[in-house]
Amino acid sequence: MRRVRWVVFCLAAAVIWPAWAGGPVFSDSGPDAAAYGAAQGYPVGSRAVPVPQSAMVGHYSHFADMYPHRVAAEASVPSVWRRAEAELSLTYSYAGATHDLPDYLSHNPVTGLLIAHDDTILFEHYQYARTDRDQFLSQSMAKTIVAMLMGIAVREGAVRSIDQPAADYVPALAGSEYGKTPIRALLHMASGVAFKEVYDAPGDNQRLNEMLFDRNNPGTAQAIAVFNTREALPDTRFRYAGSQSEVLGLVVSQAVKMPLTEYLRTRLWQPMGAEADAAWTIDTAGQETGFCCISAVLRDWARVGMMLANDGAWNGHQIVPRQWVLDATTAQAPFLRPGLATPFFGYGYQTWLFPGPRRQFAFLGIHGQAIFVDPVSKLVLVHTAVRVKASQDPAALELRALWDALVAKVGG
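Residues numbered from 1 in each chain as written. Predicted model: local features only at pLDDT ≥ 70, side-chain atom pairs only at ≥ 80, totals over all residues. Heavy atoms only, no water.

Some remarks on helix α2 (residues 53-61)
Among the nine residues of α2, seven are classified as buried, and the element is accordingly described as predominantly covered. Those residues of α2 hidden inside the fold are in contact with β8 (136-137) and β17 (379-385). (Buried < 20%, exposed > 50% of the residue type's maximum accessible area, 1.4 Å probe, protein only. Helix = DSSP H or I, 4+ residues; strand = E, 2+ residues; numbered from the N terminus. Contact = heavy atoms within 4.5 Å.)

If you want it as structure tokens, here you go:
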């Protein structure tokens, strides 16, 4: 029934959108489209890692077709987005030149860009023949979702305290360094357990992935427990590592006694009024990847961002506890502050913090996935992309320049 409904919706939209002021804008092309596989219809490719540039567009918008996953079903009644009468016009300065939003899209490999202010969409563009029905891969934006599910689990009493060690909820981690680590330290990416997270060379993150998706997967907890060397005391040093998010995912799922996707569906996805299903990749042991790989449509990603811009409330529900959201989006120790955790960003609970006196935060994923949130003005930017470089791409600086100009213009 859901499939039929989407077909009817899309047929109607094809007639309405070209004449609908403020509606989504689609392009069959994009920067370096030939290199991204335009002539082949943007192929999905295989499970080869790293994904070749010619398959990135298809792969990151059809990831759920490649890997086993569970589905968080859409809400029966989606929450309503309004649309601005005229599309947002914005200029920003970067690298000594002035640019506008069309300029940005013309030289950045963006698959989708959506800007919303409160309940109103100001800008929604798609490139490389992607549409608003494509499910865009989160990469590490999923980590922030896991942190918010943890907050809900604490509210419900399934997790009694984030000062408990992870092994209290994941007995298979008993005796391991990750099992001994307090949940709070894991939320802060400050477990103190050695783990080398790199994207341009073999690292521990690649090794963990290989174990989790191998047919001989020893079990998710057992794979994590392989990394068992302590380098620092918990909650004393920031070190970004997807393994810590994986432990958090195990804690939540075992504490609430259901798969993460089911918890996402019942506690967040449907209460916020999602308009489409989300897919969450599972490893060969049947556990959702806590560090990655939720796929969803752009407007639902915007709903998640706007829910957090409203301190956890959206669609008439307090979905995530307000105090949890405030704690998650504030540096809780000096070593987590912007400029100290990293040269630019700080860190909260699996959430990146912008510098400056104004509370702003971000979900971030490699290759250009991002949600930027300004709670003061209820402003959200959702950005999905296929940057060839996984991280440390200068394009990230340009996106931040665009965001600063957006906040200055719309956020006051």
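Alright, that's what it looks like, and here's the rest.
Notes on the pattern of salt bridges
Applying the stated criterion to the full structure yields 18 salt bridges. We note a salt bridge from Glu124 to Arg83, for which the minimum N-O separation is 2.7 Å. Of this pair, Glu124 sits in strand β7 (residues 120-126) while Arg83 is found in strand β3 (residues 82-83), placing the two residues 41 residues apart along the sequence. Salt bridges sharing common partners tie together Arg83, Glu124, Asp132, Arg133, Glu275, Arg299, Asp300 and Arg303. (Salt bridge = Lys/Arg side-chain N within 4 Å of Asp/Glu carboxyl O.)

Overview of the state of the cysteines
Per the stated rule, a full pass over the model turns up one disulfide. With a sulfur-sulfur separation of 2.1 Å, Cys292 is cross-linked through a disulfide to Cys293. Taking the sign of the torsion about the S-S bond as the criterion, the disulfide between Cys292 and Cys293, at about 70°, is right-handed. On the accessibility criterion, Cys292 (8% relative accessible area) is buried. (Disulfide = S-S within 2.5 Å.)

With respect to the sheet that holds β8
Sheet strands line up and pair through hydrogen bonds in the backbone, either parallel or antiparallel. Read across the open sheet, the four strands follow the order β2-β9-β10-β8; overall the sheet is antiparallel. Where the open sheet ends on each side, the last strands, each with one partner, are β2 (69-72) and β8. Sheet analysis places β8 next to strand β10 (residues 294-296), joined by two bridges and oriented antiparallel. Paired with Leu137 across the strands is Ser295, a residue of β10. The strands touched by helix α10 (residues 260-269) are β2, β9 (278-281) and β10; relative to β2, the strand with the most contacts, the crossing angle is about 15°. (Pairing = 2+ DSSP bridges. Axes fitted to C-alpha atoms, helices over the stretch in contact; angles between N-to-C directions.)

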